[in-house]
Amino acid sequence: MKRVQVIDSHTGGEPTRVVISGGPDLGGGSAADKLKIFRERHDDFRRAVVNEPRGSDVLVGTLLVEPADKSCVTGVIYFDNVTFLGMCGHGTIGLVVTLAHLGRIQPGEHRIETPVGVVTVLLHEDGSVSVTNIPAYRKARAVTIELANADGALGTARPTAKIVGDVAWGGNWFFLVEQHGLALELANVEKLTDASSRMRQAVNAQGFPEVDHIVLLGPPRAKDAHSQNFVLCPGKAYDRSPCGTGTSARLACLAADDRLAEGDSLVQESVIGSRFVGSYRWLDRATGKIIPTITGSAFVTGEAALLLDESDPFCWGIP
């Protein structure tokens, strides 16, 4: 019987499970090196931690690892129900609050080594967290795809609809769409999920196979917010938070179009009404690269020991 110690939290409604002990031996090297070994040799552990019967489709796991960069308080590997993630904004906020809960860090600035680079985090006195992310940028503007529109939901009565969006990097790859004809409401999640899934397939076929997240944007519900989003993650679960890497990608697009000034704030709502505040500074105007900062709050929801019994036919999760 193997014991895996975890701490659960949620960031804007999106759950994070931090593995603090009991993970596989991934050897030395950087977080990126460890991710390679994790992916190739220990995918069963990923499934056991986040998939049913212990987890759920919406859960994101984070595994604490020894950082190669000794200026970092920890290294981390992110994963969900189907894959590994390069970076995770809500997961990083949840991780920071978890480290504070454990007494490993105090309010102030800290560095965390992720598989795609080092990020800087600021734990504020009130418990909120600001994540200064890796560079974000827009790869392609106004990419057009075509979707079947049998129910007329996509803003036109025609049997097919043309959807235009941007492909951008914010730590993961995104296709961001503003004009889609869909109501960003919880009651509409099934249609939002179906349309977003088909958009992902279409944009992948259009020459962007790296895109694994879809962001649908719309008007905010709160007067002091700037926009609302629905974010579909790789495993077809929607993000309850406004998505940190997705908000980073959106900031890159807004900066490239001169729609948000350097240093100004973007208040981004999620489909459930939780929010992140984002801003950016230019890294390189010629390449369109920015350094985004995302601020949000997380709350610890549980401490547990997962029990891995190899005689259990579902020990390693239900795929």
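Reading guide: rules and limits
- Residues numbered from 1 in each chain as written.
- Predicted model: local features only at pLDDT ≥ 70, side-chain atom pairs only at ≥ 80, totals over all residues.
- Heavy atoms only, no water.
- Pairing = 2+ DSSP bridges.
- Helix = DSSP H or I, 4+ residues; strand = E, 2+ residues; numbered from the N terminus.
- Core = buried A, V, L, I, M, F, W, Y, C linked by side-chain atoms within 4.5 Å.
- Buried < 20%, exposed > 50% of the residue type's maximum accessible area, 1.4 Å probe, protein only.
- Contact = heavy atoms within 4.5 Å.
- Polar contact = N/O pair within 3.5 Å; in protein donor to acceptor, adjacent residues only side chain to side chain.
- Phe/Tyr/Trp six-rings, centres within 6.5 Å; stacked < 30°, edge-to-face > 60°.
- Lys NZ or Arg CZ within 6 Å of the ring centre and 35° of its normal.
- 1 Å grid on protein atoms, 1.4 Å probe; cavity = no way out; pocket = protein on both sides within 12 Å on 5 of 7 lines; lining within 4 Å.
- Points joined across faces, edges and corners; volume = space filled by probe spheres on them.
- Nonpolar A, V, L, I, M, F, W, Y, C, P; charged D, E, K, R; others polar.

**Q** Sorry, what's going on with the pairing of strand S7 (residues 117-123) here?
**A** Looking down a regular strand, the side chains alternate between one sheet face and the other. Where strand S6 (residues 108-114) lies against S7, seven bridges are found, and the strand directions are antiparallel. Counted as the bridge partner of Glu109 is Leu122 from S7. Between S6 and S7, which pair antiparallel in sequence order, lie two residues. The pairing of S7 with strand S8 (residues 129-132) spans four bridges and is classified as antiparallel. By the bridge assignment for S8, Leu123 is matched with Val129.

**Q** When you look at the nonpolar core in this model, what are you seeing that I'm missing?
**A** Here is a general trend for soluble globular proteins: nonpolar side chains tend to be buried in one another's company. The biggest cluster of nonpolar side chains holds 63 residues, and the ones touching the most others in it are Val167, Phe175, Met199 and Leu216. Among the elements that make up this core, the one with the highest residue count is helix H4 (residues 189-205) (six residues). In this structure Met199 touches Ile145, Leu147, Ile163, Val177, His180, Ile214 and Leu216, once residues within four positions along its chain are discounted. Counting residues in each nonpolar core, the second largest holds 20 residues, with Val19, Leu26, Ile37 and Phe38 among its members.

**Q** In this structure, what is going on with the side chain of Ser241? I would like to understand it.
**A** Topologically, Ser241 is positioned in the loop between strand S13 (227-232) and helix H5 (244-256). What makes Ser241 buried here is its relative accessible area of 0%. A polar side-chain atom of Ser241 sits 2.8 Å from a polar atom in the side chain of Asp239. Engagement of the side chain of Ser241 in a polar contact is seen with the backbone nitrogen of Cys243, the distance being 3.0 Å. In this structure Ser241 touches Thr11, Gly12, Glu14, His90, Asn229, Ser270, Ser274 and Phe276, once residues within four positions along its chain are discounted.

**Q** It is not clear to me how the packing of aromatic side chains should be interpreted in this structure. Could you clarify?
**A** The way to describe two aromatic rings as a pair is by their centre distance and the angle between their planes. One pass over the full model with this rule turns up eight aromatic pairs. Ring geometry for Trp169 versus Trp173: centroids 5.3 Å apart, planes at 55°, classification tilted. Grouping aromatic residues by their ring pairs yields a cluster made of Phe38, Phe45, Phe79 and Phe84. Over the aromatic face of Tyr238 sits the side chain of Arg240, whose NZ or CZ is 3.8 Å from the ring centroid. The cationic tip of Lys289 hangs over the ring face of Tyr137; the distance from NZ or CZ to the ring centre is 5.6 Å.

**Q** Teacher, can you tell me more about empty space enclosed by the protein here?
**A** The gaps left among the atoms become clear once a water-sized probe is rolled over them. Inspection of the entire model under this criterion finds two cavities of 30 Å³ or more. There is about 160 Å³ of room inside the largest cavity. Mapped onto the lining of the largest cavity, the elements with two or more residues apiece are helix H3 (89-101) and H5. Residues that form the lining of the largest cavity fall into these classes: ten nonpolar, eight polar and four charged. Estimates place the volume of the second largest cavity at around 30 Å³. Lining of the second largest cavity is provided by Gly89, Ile93, Val131, Asn133, Gly244, Thr245, Ser248 and Ile294. If you list the elements that add at least two residues to the lining of the second largest cavity, you get H3 and H5. If one sorts the elements of the lining of the second largest cavity by residue count, H5 sits on top with three residues. For the lining of the second largest cavity, a count of residues per class yields three nonpolar, five polar and no charged.

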